Each structure stands twice: as structure tokens, then as C-alpha cells.
Amino acid sequence: MNRINILDDLTINKIAAGEVVERPSSIVKELVENCVDANSSKIIIDIIDGGKKLIKITDNGSGISSSEVDKSFLRHATSKIEKIDDLYDLYSLGFRGEALASISSICKLEMVTKTKDECVGTKVIVEGGKVVSKQPIGANNGTTMIIKDVFYNTPVRQKFLKSTHAETINISDLINKLAIGNPHIQFKYVNNGKAMLNTPGDSKLISVIRSIYGKDVCENLIEIEYECKNFKINGYIGNNNVYRSNKNLQHIYINKRFVKSKVILDAVAEAYKAIIPINKHCVCFLNMELNPASIDVNIHPTKLEIKFENEQELYIELRDFLKQKLLNSKLIGKYEVYD
Ligand code: ADP
Ligand code: MG
């Protein structure tokens, strides 16, 4: 019979990284979410070769104090929760304490960080999940993460990386989503030296939408704001003059976290049923606020899925509100009922 092995930390982290870090865009997601959680007002994302060669992310947030830096790379190390009940009152994007441990186990990582209470910053180099160098360094308040050679020590994963173009599209899409979810933060995104996005950080959702999708989309949006038993909602929905053949312009946020939610997408589709042609998809930017105790975000390590306590009620409330709003709005041109 084979002996039972207790796996070492690096092996455990590499296995866990398989779930959290699927591709370079997963790294960008985790690191930018950390910048958001650190109360940053400006986040700069620099990418080379679809993130395969370099991902550099700089924020002006809280930073990590020198004494805590080593801990941040340990598995299940988080400053965002203390106990399981904290999940019922969660407003941060992170809480699993897995990202830095996972990411640093499958790439080369350098971090420079400084809190506002420290005079000097700290620079660490982490390889194979271990801090190999740590020294004081002059730095601005906030954190810079430099990720090089993604999956360098997991060759199978590296082989399955998609083309630079495909990875870039994924990262761009992800940064758009994070920027839309955080209009109060200025997002600057540079890809291979080319400026791709620069949002003003003026707290106006419409400014972010204009930066990303231009004025044509903006001109066809209806502003929404509403509160009912199960949720509060604000944002924008497209009129009958703007629709797409895919769902790429359907952005759904629950308590500031972008999610893939079938219930919500179904409610939206149902509301638009007689408004836009069949097989077309509306444009929407929905910020929903729910009581954190009535949702579960801990379904998958990527935290993209969500479970609702009152799913059916929520579906009806959202569908009916959107439908009513659309019918009461001045739709562009001839109002056609497609069916
Ligand atoms: P989580 O986000 O789930 O807490 P992570 O592994 O992503 O776990 O990060 C571990 C900890 O490191 C965070 O809880 C936070 O305290 C700290 N941290 C990570 N990135 C940043 C950042 N950009 N600014 C400030 N603190 C950070
Ligand atoms: Mg995190």
C-alpha cells in the first residue's frame, strides 16, 4: 500500500493556485481587487504580452506594514475577516486570504509597499511562495506588485496559456468590469506601452461608461434608481436603440462585486422581451445592494457566482421594476414590439 504523504506548503499552494489562478487575467483580478479593498483612489495596471511576461499593478492605498509583509504571502492570511460570521457582513472583495499565496507560488513576484505611518517602504522578492529577499526602500504610500513569468514552474499550465491577443482581451474585459464597479477610483491601464483606459475617478458611473464604450452607448442609456424589499439598485439600462448580439455589455454588481448571475440575467432578459429583437441582448450596468446576510459569495474560489436567499422574489422584483421603467421611458424612434 502507498504511504500517505502530507503535502508541503508549496505543493498545497500550487494546487490551490490551479483554482484561483487560471490565467493571467485571474492574477490581475485578484491583485486589483486587493487595491480596491485597500481604499485606493488610483490604480495603474501595466501589462506586457497579455500578462504572460509582466503584470505591474500600482495603487495608492493603505499599503502593508513591514512587520506584516511576510504574513501576507501565507495561505489563509487575510486582514478582511476574522471568523466565519464576518462573511454575513462582508463588504470587501477579498476574504479567503489565498491570492498572494497562490500567485506567488506560480510566478516571480516583487512587491514594494508602504503605509502612511511608516517613513520607509518595504521591498520583497518572492519565489516559489517564499520571501527570498526583504529590504527597506524609499516608496510612495501604497503598493506596487510586479509579476513576471506566469506559470514558469508549472510547465503544463504554461503550455495551455492562450495567445497574447486572447489573454489581452480577457485582461481588458476584466479591467473594464473593475473600473465600472468602482467609479470613485481612477483606473489607468497600459498594454504593451499603449494607453488603453484612463477613467477620471470622479465617482460618476456614466464617466466610466463613456471612457470605455464611448458616447453612442451613453446617449442610449436610461438612469435607474429603486429600492424594494430584497435590494436597492442604481445604474443604467439601455433603451431599445442599443443592443448587442452577445452579453458583453451586461454588467451586474452585487455589493460592488461583479458577478455572473443567471437569475439576474434572466430577469433582465425577460424585462426586455418585447422591447428589443429576440436573440439580441440589452445593455445594462446594474449596481445592486443586498443585505450581505442574504447572499453567499463563497461558492467558488473565483467568487464570480453568488447564491441568493430569496431568489424567486428577487427575480420578480427586478423583472417588474425594469419592465416598468422601460415602458415609462421615452424609447427612441418607433416603438416596436418584437416577439
Ligand atoms: P484576501 O484579499 O482574501 O485578504 P490576499 O492573499 O489577496 O487575501 O491578500 C492577503 C492580505 O494582504 C490582504 O488581506 C491584505 O491585508 C494584504 N494586501 C494584499 N494586497 C494589498 C494591497 N494592494 N494593499 C494593501 N494590502 C494588501
Ligand atoms: Mg485578495
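- Where an unreviewed UniProt entry is consulted, the protein appears under the name DNA mismatch repair protein MutL, with the organism given as Romboutsia sedimentorum.
- As stated in UniProt under Function (unreviewed entry), the record for the protein gives "This protein is involved in the repair of mismatches in DNA. It is required for dam-dependent methyl-directed DNA mismatch repair. May act as a 'molecular matchmaker', a protein that promotes the formation of a stable complex between two or more DNA-binding proteins in an ATP-dependent manner without itself being part of a final effector complex."
- Under the Sequence similarities (unreviewed entry) heading, UniProt states for the protein: "Belongs to the DNA mismatch repair MutL/HexB family."

**A word on the site of ligand 1**
- Contacts to ligand 1 come from 22 residues, most closely from Asn34, Ala38, Thr78, Gly94 and Ala99.
- Every element with two or more residues in the shell around ligand 1 is listed here: helix H2 (24-37) and helix H4 (99-106).
- Examining the composition of the shell around ligand 1, we find that 3 residues originate from one element, H2, more than from any other.
- Per-class residue counts for the shell around ligand 1 are 7 nonpolar, 10 polar and 5 charged.

**Quick look at the packing of H2 against helix H6 (residues 164-181)**
- The N-to-C vectors of H2 and H6 enclose an angle of 20°; their axes lie 8 Å apart at closest approach. The angle between H2 and H6 places the two elements in the roughly parallel class. Handedness of the H2/H6 crossing: right-handed. On H6, the residues that touch Pro24, Ser25, Val28, Lys29 and Val32 of H2 are Glu167, Asn170, Ile171, Leu174, Ile175 and Leu178.

**Some details on the sheet that holds strand S12 (residues 250-254)**
- What the 5 strands build is an open sheet, ordered S9-S10-S15-S12-S13; its pairing is mixed. The two strands at the open ends of the sheet, each matched to only one other strand, are strand S9 (221-227) and strand S13 (257-258).
- Pairing of S12 with strand S15 (residues 284-289), which is carried by 5 bridges, proceeds in the parallel orientation. Its bridge partner lying in S15, His251 is registered against Phe285.
- The strands touched by H6 are S12, S13 and S15; relative to S12, the strand with the most contacts, the crossing angle is about 55°.
- Docked against the sheet, helix H7 (residues 205-218) engages S9, strand S10 (232-238) and S15, running at close to 25° with respect to S10.

**Section: the sheet that holds strand S7 (residues 186-191)**
- Strand order in the open sheet made by the 8 strands is S5-S4-S3-S6-S2-S1-S7-S8, with mixed pairing throughout. Two strands lie at the open edges of the sheet, namely strand S5 (130-137) and strand S8 (194-198), each paired on one side alone. Neighbour to neighbour, the strand axes of the sheet diverge by 10° on average, direction disregarded.
- In this sheet, strand S6 (residues 142-148) lies alongside strand S2 (residues 54-59) in antiparallel orientation, the contact comprising 6 bridges.

**Considerations on the domain arrangement of the protein**
- Split by domain assignment, the protein resolves into domain 1 (9-198) and domain 2 (220-328).
- In this structure, domain 1 and domain 2 have C-alpha centres spaced 29 Å apart.
- On the domain 2 side, the residues contacting the 13 residues of domain 1 number 12 residues.
- Among the elements of the structure, helix H1 (9-20) and H6 are those that each provide at least two residues to the side of domain 1 that touches domain 2.
- In terms of residue count, H6 provides more of the side of domain 1 that touches domain 2 than any other element does, 3 residues in total.
- Looking at the side of domain 1 that touches domain 2 residue by residue, the class counts come to 7 nonpolar, 1 polar and 5 charged.

The rules behind the values
- Residues numbered from 1 in each chain as written.
- Chains lettered and ligands numbered in written order.
- Predicted model: local features only at pLDDT ≥ 70, side-chain atom pairs only at ≥ 80, totals over all residues.
- UniProt positions renumbered as here; feature names shortened; annotations may be inferred.
- Near = placed C-beta within 6 Å.
- Helix = DSSP H or I, 4+ residues; strand = E, 2+ residues; numbered from the N terminus.
- Nonpolar A, V, L, I, M, F, W, Y, C, P; charged D, E, K, R; others polar.
- Axes fitted to C-alpha atoms, helices over the stretch in contact; angles between N-to-C directions.
- Parallel < 35°, antiparallel > 145°, perpendicular 65-115°, else oblique.
- Left-handed = near helix turned anticlockwise from the far one by under 90°.
- Contact = placed C-beta atoms within 7 Å.
- Pairing = 2+ DSSP bridges.
- Domains from an automatic or database assignment.

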